[in-house]
Amino acid sequence: RPQHLSGLEIIRDLCEGKLEGGEIGSTEITFTPGKIKGGTHIADTKTAGSVCLLMQVAMPCVLFAASPSELHLKGGTNAEMAPQIDYTVMVFKPIVEKFNFTFNCDIKKRGYYPQGGGEVVVQMSPVKELSPINLTERGTVTKIYGRAFVAGALPIKLAKDMSAAAVRCIRKEIRDLYINIQPVREPDGQAFGTGSGIIIVAETSTGCLLAGSSLGKRGKNSDKVGIEAAEILLRNLKHGGTVDDSLQDQLIIFMALAKGMSRVKSGPITLHTQTAIHFAEQLTKAKFTVTKSEEEDPSKDTYIIECQGMGMINPNL
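Remember, it's a predicted structure, so these values are computed and weren't measured experimentally.

1. Concerning the overall build of the protein chain
Each helix and strand counted, the protein chain has eight helices and 15 strands in total. The C-alpha atoms of the protein chain give 20 Å as radius of gyration, which agrees with the globular expectation for 317 residues (20 Å, within 12%). A total of 317 residues make up the protein chain; the buried ones form 49% of that total. When contacts within the protein chain are restricted to residue pairs at least 6 apart in sequence, those whose partners lie at least 24 apart make up 72%. Put simply, the protein chain shows about 14700 Å² of open surface, and 53% of that area lies on carbon and sulfur atoms.

2. Re the UniProt feature "domain: RNA 3'-terminal phosphate cyclase insert" (unreviewed entry) in the protein chain
UniProt marks residues 136–237 with the feature "domain: RNA 3'-terminal phosphate cyclase insert" (unreviewed entry), using the numbering shown here. Helix makes up 31% of residues 136–237 and strand 36%. Its end C-alpha atoms lie 14 Å apart.

3. A word on the sheet that holds strand β11 (residues 195–204)
What the four strands build is an open sheet, ordered β9-β8-β11-β12; its pairing is mixed. Each of the sheet's edge strands pairs with one partner strand only, and the pair in question is β9 (179–185) and β12 (209–215). Here the average twist between neighbouring strands, direction ignored, is 15°. The pairing of strand β8 (residues 141–151) with β9 spans seven bridges and is classified as parallel. By the bridge assignment, Y145 is partnered in β9 with N180. Lying on the sheet, helix α4 (residues 156–171) is in contact with β8, β9 and β11; it crosses β9 at an angle near 165°. Together, β8, β11 and β12 form the strand contacts of helix α5 (residues 222–238), whose direction differs from that of β12 by roughly 155°.

4. Side note on the nonpolar core
Counting 55 residues, the largest nonpolar core has F99, F101, F103, L130, L251 and F288 as the members making the most contacts within it. Dropping the residues within four chain positions of it, F103 is found in contact with M55, M59, F92, K93, V96, E97, V122, Q123 and M124. Ranked by size, the runner-up nonpolar core spans 24 residues in total, among them I181, I198, A202 and L237.

5. With respect to the pattern of salt bridges
Summed over the entire model, instances satisfying the criterion amount to 16 salt bridges. Between D106 and K108 there is a salt bridge, and its shortest N-O distance comes to 2.8 Å. Take D106: its relative accessible area is 31%, and that puts it in the partly exposed class. The salt bridge involving R185 is made with D188; its shortest N-O contact spans 3.3 Å. With relative accessibility at 37%, the residue R185 sits in the partly exposed group. Residue D188 is classed as exposed on the basis of its relative accessible area, which comes to 54%. Three or more residues joined by partner-sharing salt bridges are found here, namely D86, R110, R147 and E186.

Calculation notes
- Residues numbered from 1 in each chain as written.
- Predicted model: local features only at pLDDT ≥ 70, side-chain atom pairs only at ≥ 80, totals over all residues.
- Heavy atoms only, no water.
- Helix = DSSP H or I, 4+ residues; strand = E, 2+ residues; numbered from the N terminus.
- Rg over C-alpha atoms; globule rule 2.2 N^0.38 Å.
- Buried < 20%, exposed > 50% of the residue type's maximum accessible area, 1.4 Å probe, protein only.
- Contact = heavy atoms within 4.5 Å.
- Areas by Shrake-Rupley, 256 points an atom, 1.4 Å probe, with all protein chains shown as cover.
- UniProt positions renumbered as here; feature names shortened; annotations may be inferred.
- Pairing = 2+ DSSP bridges.
- Axes fitted to C-alpha atoms, helices over the stretch in contact; angles between N-to-C directions.
- Core = buried A, V, L, I, M, F, W, Y, C linked by side-chain atoms within 4.5 Å.
- Salt bridge = Lys/Arg side-chain N within 4 Å of Asp/Glu carboxyl O.

Rendered as structure tokens:
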């Protein structure tokens with residue numbers, strides 16, 4: 001699909017590699033990497049293909065580049081079947097930075113299905129090596145916050161409805177916490193097209209972040225969008241893991257590259273995570289084990305993902 005091809009092309013450009021069979025609908029490609037240089041690169045899906053997926057593809061590479069990178073990623077910022085950019089900034093970023101690197105993510109313009117048209121600029125410096133992480137203590141939920149947004153032709157009332165419905169839904173399960181879900185209308189200059197959605201984050205006493213999100217679409221009642229996000233959040237809180245379903249698979253490649261033993265407690269292992277582990281083990285010397293977490297009460301479906309990372313060293317630094 002367009003975002004997969006854009007992802008391959010940005011990697012090719014980052015390392016002056018060779019890509020054969022790089023076209024939409026291709027079933028086989030041959031990729032020959034060169035040296036990862038860094039620098040400024042543009043990737044454009046020309047659709048609502050997710051900029052977050054482009055970021056996921058590029059990030060492990062630019063960490064081991066010779067110099068800092070600036071990536072201009074164009075496409076959908078809030079798209080179906082992919083993390084929303086708000087999730088990337090609010091959940092993925094603070095957790096993945098525990099591997100001992102930092103990045104800056106500047107949302108220049110938001111873009112929605114079907115046209116896309118969004119742009120995000122990611123700035124990142126290379127590192128010598130990644131540290132392992134240990135995310136096994138959930139702690140207790142200390143706050144719940146989020147944003148319900150509309151853009152383009154949609155009235156702010158829809159954002160307020162999403163927010164109110166989400167709060168009502170969470171209140172049934174969690175009564176004693178203040179829930180702050182801000183309704184916002186994206187400024188016209190900073191959004192392309194019409195879109196709406198919501199993201200809700202729960203923060204815990206040990207610094208874990210778990211989320212639920214949902215996107216509005218034509219004919220979908222805004223209350224339903226809010227409730228959907230709230231239910232996903234509650235489901236993620238129920239399993240007792242330290243990461244939600246969306247973050248689980250995104251951490252695998254960093255665990256594989258890091259030096260030392262990483263441990264993450266999660267809910268049921270998703271197919272995305274199983275696939276990521278399979279390929280990480282094929283492509284590196286990292287070794288993963290997944291075991292049912294015993295200390296939980298047995299009714300909880302909780303697992304420990306362990307990885308002895310390969311200890312990738314940046315040859316350029």
